[in-house]
Amino acid sequence: MKRLPLLLLSGLAVAAVAACPGKKPETPAPVSAGPDADSLARAQKAHDDSMKAAQDEADRRAREDAERRQKTADSLAGIGRTTDAVKTILGTMIHFDYDKAIIRGGDAAVLDQKVAILQANPALRIRISGHCDERGSDEYNLALGNRRATAAKQYLVSHGIDAGRVETVSYGEERPIDPGHNEEAWAKNRRDEVDILAGGDALKQP
Amino acid sequence: MKPVGLLAIVVAVYPSSRLVAQDTSAVDRGVRIGILYRPGVRPGIVILTGRAPALDSVRTIMARDIDYSDRFELITLPGSDSIRLAAPSPALGPPPAAGTGTGKTSGGAASAGGLNYPLYQALGADFAVAVTPAGADSVVVTVHDVAGGAVRREVRSRLPPLTDPGFRMAVHRLSDRVVEATLGAPGIAATRVLFVMDGKAYVIDQDGADRRLVSSTDHAAMSPAWAGDGRRFSYMEFWQGHGRLFVQDVASGKRAPVATTGQALDFTPAFSPDGKTLAFSRAIEEGTDIYTVNIKDGCCLQRLTVGRFYDNLSPTYSPDGQRIAFVSTRAGLPQIYVMAADGTDQQLFAPFDYGATGSSNAPEWSPDGQAVAFHRDVAGTLQVFVLDVRTRAVRQLTSVGRNEDPTWAPDSRHMAFVSDRSGYRQLWIIDLETGRIRPLLQQSGARLPAWSPRLPETAPSTP
């Protein structure tokens, strides 16, 4: 009859431990009298198992976090630790498919770098400008460029950046970086650019 | 270099009495080499040469205006005015093939103004126009009805000297008087076209003369648009990533920023026909939507559309001011919609096949209210289309090269647009009745044209 409450108790303990994986779990004191050793041992084992699983999960997450941070840090470190280097990364453009304003899978990593830089430099304010190729309508492209700029901003905001730090503008097809009339040029021109509005004098490495 | 040649154009025929023409002409280096006309509907007209050489430039401009009206067969006389002095000859041959063809040759010798009507009728002229000096600073334009054998109208008008910036526009007005006197239809000679080139707004006479810069040079300009009275126009300039709207006075050249704009990306301004309201597109983070502002009192910003997950832009008023056609991406790709001027009753305007029809943009309501011109993506390039407002039938107008941003002349039968048919993007004018097409400006990069209404007499011609 007493086994049930004990199991419940240890179950609660496991849940508590799992909820805070950073702390070393306290081993519950063996109950001095009453239950037979067998059931106690089984309870203990169940507890230990779930403890281990929780710890593994926590370790895995920490490892992934570290890897991701390392990846970002590595790419930053590779270029150098100067403000200019950070600016270069901040200024890396992202690109879009024709008549689309959806962030491409590969560009999420580019935006992740910008998130890290913005987090490391709280005074930094930026402007994202959306651009289009010459194929669409001149005036419609202002609306499309606006969608492209806000798509990038929404990504940054959804990753914890304060919306007030990011301004968006659109230049439509008015400012091509490649004046060509072919797909290669168009692909380059369908882009978001990032400019620094304020707080860019001395940028910290994330 | 693009291969050009005569095109076989297949278009759906809709039950419309208007807009019968297609741009069937082939184009070689910007020169028209072939035209299909509806035969027998255009009266012949002759601009008589005169003894006052000072008026030769008047006659030249007038002849071109009348030619560009596409309403006449312009008859050019060889050499000097000797024919005018020649005696009527019975051996002149059969009656004119073109024109009214009433064969009224019994008028005999010269009548009013000493004009030999039978001779000009034999040449195919239904009308003859004489320009004669009247005092130091005026001219008299005499319009002869050749078939009727009488003077149809005499117009006396002050004419600024040749060197005056208002000279050409004064002649254009005289040309329009001739069209009005002969056919009862107002002409389009006294009009101008605004356009954008290299980020600056320019204005040019409809005959391609007198190009002038009208915007500032330190900010990129876009989307010029005329007010209905021809005395003002609006356009957008990029200011630090914002789009600011300006309304500029033609006479003084002075401009004022439109109230309540300047902190967002505002673009594609469009005047209401009464000139009191400016509708425009505003892009904010939520998307692009259509707003109106009272430009008379500089107040009362009103939002007409709420897109959120799609964009609404490029408003254009119906000439009665009751409705606004616009572009919306609510069905995915941009297409042409219509709503009441207060933003209610939004509905599809130009029908399209979902998943098949390309993007449609840049609508402009015709001055007679019967049609909306726009451009649509066809097989990866843009073509000009016309929507019949009553039947909602859509007709493709162009097929040679890329053609975009159509704008109506005040006669609702001519249209300026951007085309790369000659190898680079430039401005062209098409007559929808005859299909005749001519370059307005043979300069690369001109775009976003806006054709003026008939320009008011009192407005100084210098912007």
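Residues numbered from 1 in each chain as written. Chains lettered and ligands numbered in written order. Predicted model: local features only at pLDDT ≥ 70, side-chain atom pairs only at ≥ 80, totals over all residues. Heavy atoms only, no water.

(A) The arrangement of the overall build of chain A in detail. Along its length, chain A carries six helices and four strands. Put simply, chain A runs from its N terminus to its C terminus through helices and strands in the order α-α-α-β-α-β-α-β-α-β. Taken across its 206 residues, chain A has 40% of its residues classed as buried. Counted over contacts in chain A with a minimum sequence separation of 6, partners at least 24 positions apart contribute 77%. (Helix = DSSP H or I, 4+ residues; strand = E, 2+ residues; numbered from the N terminus. Buried < 20%, exposed > 50% of the residue type's maximum accessible area, 1.4 Å probe, protein only. Contact = heavy atoms within 4.5 Å.)

(B) A look at the sheet that holds strand β20 (residues 323–328) of chain B. Residue and element names in this part refer to chain B. On the basis of which strands lie adjacent, the open sheet formed by four strands has the order β19-β20-β21-β22 and antiparallel pairing. In this open sheet, the two edge strands, each paired with only one partner strand, are β19 (312–317) and β22 (347–348). The sheet contact formed by strand β21 (residues 335–340) and β22 spans two bridges and is antiparallel. Within β22, the position partnered with Y337 by the bridge is L348. (Pairing = 2+ DSSP bridges.)

(C) Molecular detail of the packing of helix α3 (residues 83–90) of chain A against helix α4 (residues 105–120) of chain A. All names here are of chain A. Where α3 meets α4, the axes come as close as 9 Å, and the angle between the chain directions of the two elements is 140°. As summarised for this structure, α3 and α4 are arranged oblique, according to the angle between their axes. Between α3 and α4, the residues in contact are V86, I89 and L90 and Q113, K114 and I117, respectively. When the residues that make up the contact of α3 with α4 are grouped by side-chain class, the tally is four nonpolar, one polar and one charged. (Axes fitted to C-alpha atoms, helices over the stretch in contact; angles between N-to-C directions. Parallel < 35°, antiparallel > 145°, perpendicular 65-115°, else oblique. Nonpolar A, V, L, I, M, F, W, Y, C, P; charged D, E, K, R; others polar.)

(D) Layout of the pairing of strand β25 (residues 381–388) of chain B. All names here are of chain B. Among the eight residues of β25, seven are classified as buried, and the element is accordingly described as predominantly covered. Examined bridge by bridge, strand β24 (residues 371–378) and β25 share eight bridges and lie antiparallel to one another. Pairing of H375 across the sheet is with V384, part of β25. The hairpin formed by β24 and β25 contains two residues between the paired strands, and A379 there has a positive phi angle of roughly 55°. Relative to strand β26 (residues 394–396), β25 is paired through three bridges, and the arrangement is antiparallel.

(E) Representation of the environment of D138 of chain A in the model. Here D138 of chain A is to be found in the loop between β2 (125–131) and α5 (140–158). When the C-alpha positions of D138 of chain A and G172 of chain A are compared, they lie 7.0 Å apart, and in sequence the two are 34 residues distant. Discounting chain neighbours no more than four positions away, the residues touching D138 of chain A are E173 of chain A together with M222, E404, D405, R425, R447 and L448 of chain B. At 2.7 Å, the side chain of D138 of chain A forms a polar contact with the side chain of R447 of chain B. (Polar contact = N/O pair within 3.5 Å; in protein donor to acceptor, adjacent residues only side chain to side chain.)

(F) Quick look at the side chain of D311 of chain B. Tracing the sequence through the fold places D311 of chain B in the loop between β18 (299–303) and β19. Reaching out from D311 of chain B, the side chain makes a polar contact with the backbone nitrogen of T288 of chain B at a distance of 2.9 Å. Leave out the neighbours within four places in its chain, and D311 of chain B touches A143 and R147 of chain A together with G287, T288, V327, S328 and T329 of chain B.

(G) Broad picture of the interface of chain A and chain B. Between chain A and chain B, the residue contacts involve 24 residues of the former and 35 residues of the latter. Summing both partners gives a buried area of about 2,200 Å² for chain A against chain B, and 46% of it is carried by carbon and sulfur. The interface formed by chain A and chain B contains five salt bridges. We note a salt bridge from K153 of chain A to E285 of chain B, for which the minimum N-O separation is 2.5 Å. Across the contact surface, chain A and chain B share 15 residue pairs in polar contact (both at pLDDT 80 or more). Those elements that provide at least two residues to the side of chain A that touches chain B are α5 and β3 (166–172) of chain A. (Buried area = accessible area lost by both parts, 1.4 Å probe. Salt bridge = Lys/Arg side-chain N within 4 Å of Asp/Glu carboxyl O.)

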